[in-house]
Amino acid sequence: MSATPKLYRLLGPDRVPTLSPVPGTLGGHRRSRIYGRLDCPGAARAIARGGYVAHRVFFADEETAVAAGYRPCAVCLRERYREWKATQVAPDPQG
């Protein structure tokens, strides 16, 4: 009898979960729409505090995370975050 291969739930560019035989390379948080490395210290702290795990998502790669509307983590992807931040338009204080 062959063992059933493990499947991983990854979020696609359309934010629809799909099953993959290959694990994701990045993790993210569904509510804050942030993605980062699987070993991110910021995510590890949030997981230790509880509540974060219920909203955790995984991505095959960075291209998919960005296409799904997620931004880079300021803790573990500092340079990518700076690049992303520089592209954001500041709100007009005059309304």
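Owing to the predicted nature of the structure, the values given are computational and were not obtained by experimental measurement.

## Re the overall build of the protein
Link 1 in the chain: A count of helices and strands for the protein gives three helices and six strands.
Link 2 in the chain: Order of helices (α) and strands (β) in the protein, N terminus to C terminus: β-β-β-β-α-β-α-β-α.
Link 3 in the chain: Dimensions of the protein along its principal axes, counting C-alpha atoms only, are 70 × 30 × 25 Å.
Link 4 in the chain: With 95 residues in all, the protein has 31% of them scored as buried.
Link 5 in the chain: Contacts in the protein between residues at least 24 apart in sequence constitute 56% of all its contacts with a sequence separation of at least 6.
Link 6 in the chain: For the protein, the exposed surface amounts to about 6,800 Å²; the carbon and sulfur share of it is 56%.

## Thoughts on the nonpolar core
Link 1 in the chain: Counting 15 residues, the largest nonpolar core has Leu-11, Tyr-35, Cys-40, Val-57, Phe-59, Tyr-70 and Cys-76 as the members making the most contacts within it.
Link 2 in the chain: Counting only elements with at least two residues in this core, the list comes to helix 1 (41-49) and strand 5 (56-59).

## Comments concerning the environment of Ser-20
Link 1 in the chain: Among the structural elements, Ser-20 can be located in strand 2 (residues 17-20).
Link 2 in the chain: In this structure, the C-alpha to C-alpha distance between Ser-20 and Arg-45, residues 25 residues apart in sequence, is 27 Å.
Link 3 in the chain: Non-local contacts of Ser-20, meaning those with residues more than four positions away in its chain, are made with Lys-6, Leu-7, Tyr-8 and Leu-10.
Link 4 in the chain: Only 3.0 Å separates the side chain of Ser-20 from the backbone oxygen of Val-22, close enough to count as a polar contact.

Quick notes on the rules
Residues numbered from 1 in each chain as written. Predicted model: local features only at pLDDT ≥ 70, side-chain atom pairs only at ≥ 80, totals over all residues. Heavy atoms only, no water. Helix = DSSP H or I, 4+ residues; strand = E, 2+ residues; numbered from the N terminus. Buried < 20%, exposed > 50% of the residue type's maximum accessible area, 1.4 Å probe, protein only. Contact = heavy atoms within 4.5 Å. Areas by Shrake-Rupley, 256 points an atom, 1.4 Å probe, with all protein chains shown as cover. Core = buried A, V, L, I, M, F, W, Y, C linked by side-chain atoms within 4.5 Å. Polar contact = N/O pair within 3.5 Å; in protein donor to acceptor, adjacent residues only side chain to side chain.

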